[in-house]
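Chain residues, written in single-letter form:
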Amino acid sequence: MSEQVSENFISVSERLKRFKPNSGRRTVKHYPTGIKKLDQMLGGGLYAGLMFLGARPGMGKSTFALQIASEIAAAGSPVLFYSLEMPSVRMEAKILNRAIHMRYPNSSLTADWFLREENNTGKQKEWKLVEKVGEEISGSFDRMYIKERKKLSVSGRDIVQDVEMFMNEKKEKPVVFVDYLQILSSCTGNRNATERQKNDENINELSGLSNKYDLAVFGISSLNRESYREEQRPLRMDSFKETGGIEYSASVILGLQPRNIRQPKFNYEQEMSKDIRELEIVFLKQRYGISGMKANVSVDFFASKDLYTEKGASGKKTAQNVSRETKTDIKNPENTKVLLKKCKLTPEEAVSQGVNTEIKDTEAENNGVENTEIQNTNLEYPDDPRERLEEEFRKLL
């Protein structure tokens, strides 16, 4: 009996002794989102627990979640993305469109272009570029799975069962994305359930999934109509009223809104018509960190490119950093000259960074596709390409 008690009841005094390296204590794994300041505010990225993102219509919630999911998958973690609103081909087109614009900022291609039937004939140059980028990034997404809605109604319980089946088959824990909460049906099949009751059922299921298996679960939620009836009303916790018990169950609640929403002459429709939408991620709740305006993260949303970048991302790039973002071989002296010019480094500084400037030239391959100075080889982005993109997009304006 005493042994059973000691197993079930471990004193805080004993647990405190485990706070040392490799002691077997429970630790928190973070999954970087690829947006530096957001990761800083989250303590390193997404983590086990239930998180929600809310915003008005047209703010790019799905695109934002998909970009984070892509970053996590490219870093090697399995991702299950439940796309309940859009078919998977639409989401895949967004991934490809973002990847193309990360490599070719001047490209006129869009996610919608890939799916237009009239573009299936001709357009050989464009399709050659699409095929090339698709081959480059394919290895970054071999652990990402987009699950679309195959039946009329899908509930949080269905998602839980699907995630459990995935873990049984793959023997690993995925990061789960649900797009979005209000589409989920009642878990009990009660057709008379109110919207709030239905949402509460599904939030409980997703919260239970996260707690039982120690999973990061990221959900998207719409807001109540009161929250966007007034154009200049910033997002608040009560924006989620009638959307279920999000404010009680979630560890983190994020919102997306225009950065200038507090300005006197703010016009929502005008803001949404911009090619580059100036937004901010607001922390409405964070159980284990700060929230409020001090935690806000400013981002720019390039809607036609399905791309979010952090506002003001800047910093001197090293030759090694640039070489990892391109297909350029830094051992090639001709290519080295390009890197030195781009990074504004002297040969002495380059040597200190490990760049060999004395090796013989080698012929670069072209593959018949128009070349640009910067071409990422995959979507892992170990050196945060937002800094480069900020400079390149400014030149286009």
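Attention here is on the structure that accompanies the text.

About the criteria used
- Residue positions are given per chain, counting from 1 as you read along its sequence in written order.
- Per-residue local features of the predicted model are confined to residues with pLDDT of at least 70, and side-chain atom pairs are confined, for both listing and counting, to 80 or more; whole-chain, interface and lining totals are unaffected and use all residues.
- To get the side-chain values, all heavy atoms of the structure are used, and hydrogens and water are removed first.
- Helix and strand labels come from DSSP, where a helix needs a run of H or I of at least four residues and a strand needs a run of E of at least two; each type is numbered from the N terminus.
- In what follows, a contact means two residues having at least one pair of non-hydrogen atoms within 4.5 Å.
- Values of accessible area rely on a 1.4 Å probe in the Shrake-Rupley scheme; residue burial ignores everything except the protein chains shown.
- Method remark: on a 1 Å grid restricted to protein atoms, a set of points is classed as a cavity if a 1.4 Å probe fits but cannot get out and as a pocket if it is open with protein on both sides within 12 Å along at least five of seven lines; lining residues have an atom within 4 Å of a point.
- Grid points are joined across faces, edges and corners, and a volume is the space filled by probe spheres set on the points.
- Each residue after the first adds 1.5 Å to the expected span of a helix.
- Charged means Asp, Glu, Lys or Arg here, nonpolar means Ala, Val, Leu, Ile, Met, Phe, Trp, Tyr, Cys or Pro, and polar covers whatever is left, Gly included.
- Ring pairs are drawn from Phe, Tyr and Trp, using the six-membered ring of Trp, whenever the two centres fall within 6.5 Å, and their geometry is named by plane angle: stacked under 30 degrees, edge-to-face over 60, tilted for the rest.
- The rule is simple: take the accessible area with a 1.4 Å probe, protein chains only, and divide by the maximum for that residue type; under 20% is buried, over 50% is exposed, in between is partly exposed.
- What makes a nonpolar core is a set of buried Ala, Val, Leu, Ile, Met, Phe, Trp, Tyr and Cys residues whose side-chain atoms join them at distances within 4.5 Å.

## Quick notes on the overall build of the chain
For the chain, the count of helices and strands is 16 helices and nine strands. In the chain, the share of contacts with a sequence separation of at least 24, taken over all contacts with a separation of at least 6, comes to 71%. In the structure as shown, the chain presents an accessible area of about 21100 Å², 48% of it carried by carbon and sulfur atoms.

## What about empty space enclosed by the protein?
For the structure shown, the criterion picks out one cavity of 30 Å³ or more. Considering only enclosed or pocket space, the largest cavity measures out at about 50 Å³ in volume. For the largest cavity, the full set of lining residues is Thr 63, Leu 66, Gln 67, Ser 70, Lys 94, Ile 95, Arg 98 and Asp 306. Sort the elements by how many residues they give to the lining of the largest cavity and helix α4 (residues 61-74) lands first, with four residues.

## What to know about helix α7 (residues 124-137)
With 14 residues, α7 extends 20 Å from end C-alpha to end C-alpha; this agrees with the ideal 20 Å at 1.5 Å per step. Buried residues in α7 make contact with α5 (88-103) and α6 (111-115).

## Here's the deal with the layout of surface pockets
If you add up the space inside the largest pocket, you get close to 620 Å³. Lining the largest pocket are 31 residues, with Gly 58, Gly 60, Ser 62, Glu 85 and Met 86 positioned closest to its centre. Secondary structure elements with two or more residues in the lining of the largest pocket: α4, α5 and α6. When the residues that make up the lining of the largest pocket are grouped by side-chain class, the tally is twelve nonpolar, nine polar and ten charged.

## As for the packing of aromatic side chains
Taken as a whole and judged by the stated rule, the model has eight aromatic pairs. Ring geometry for Phe 81 against Phe 177: centres 5.6 Å apart, planes inclined by 15°, an arrangement best described as stacked. You can see Phe 81 sitting in strand β2 (residues 79-83) and its partner Phe 177 sitting in strand β4 (residues 175-179), a full 96 residues away along the chain. For the pair Phe 81 and Phe 177, one class covers both residues: buried.

## Focus: the environment of Arg 56
Relative to the assigned elements, Arg 56 resides in the loop between β1 (49-55) and α4. When the C-alpha atoms of Arg 56 and Ser 227 are compared, they prove to be 8.1 Å apart, with 171 residues separating the residues in sequence.

## Re the nonpolar core
Core analysis: the biggest nonpolar cluster contains 58 residues, and Met 144 and Phe 177 have the highest contact counts within it. Beyond its immediate chain neighbours, meaning those up to four positions away, Met 144 contacts Leu 66, Ala 69, Ser 70, Ala 73, Val 79, Phe 81 and Ile 95. Judged by nonpolar contacts, the second largest core, of 29 residues, contains Leu 84, Val 160, Leu 181 and Val 282.

## Considering α4
The terminal C-alpha atoms of α4, which comprises 14 residues, lie 20 Å apart, in line with the 20 Å expected from a rise of 1.5 Å per residue. For α4, the buried fraction is high: 14 of the 14 residues fall into the buried class. Taken from the residues just after α4, Gly 76 is the one with a positive phi, measuring 110°.

## Structural notes on unusual backbone geometry
Looking along the chain, the bond that leaves Asp 179 and enters Tyr 180 is cis, with omega of 5°. As for its position among the elements, Tyr 180 is in the loop between β4 and α9 (195-213). For Lys 123, which is not a glycine, the phi torsion comes out positive at approximately 55°. Inspection of the secondary structure puts Lys 123 in the loop between α6 and α7. With relative accessibility at 38%, the residue Lys 123 sits in the partly exposed group. Although it is not a glycine, Asp 306 adopts a positive phi angle of roughly 55°. Residue class for Asp 306 comes out buried when judged on its relative accessible area of 6%.

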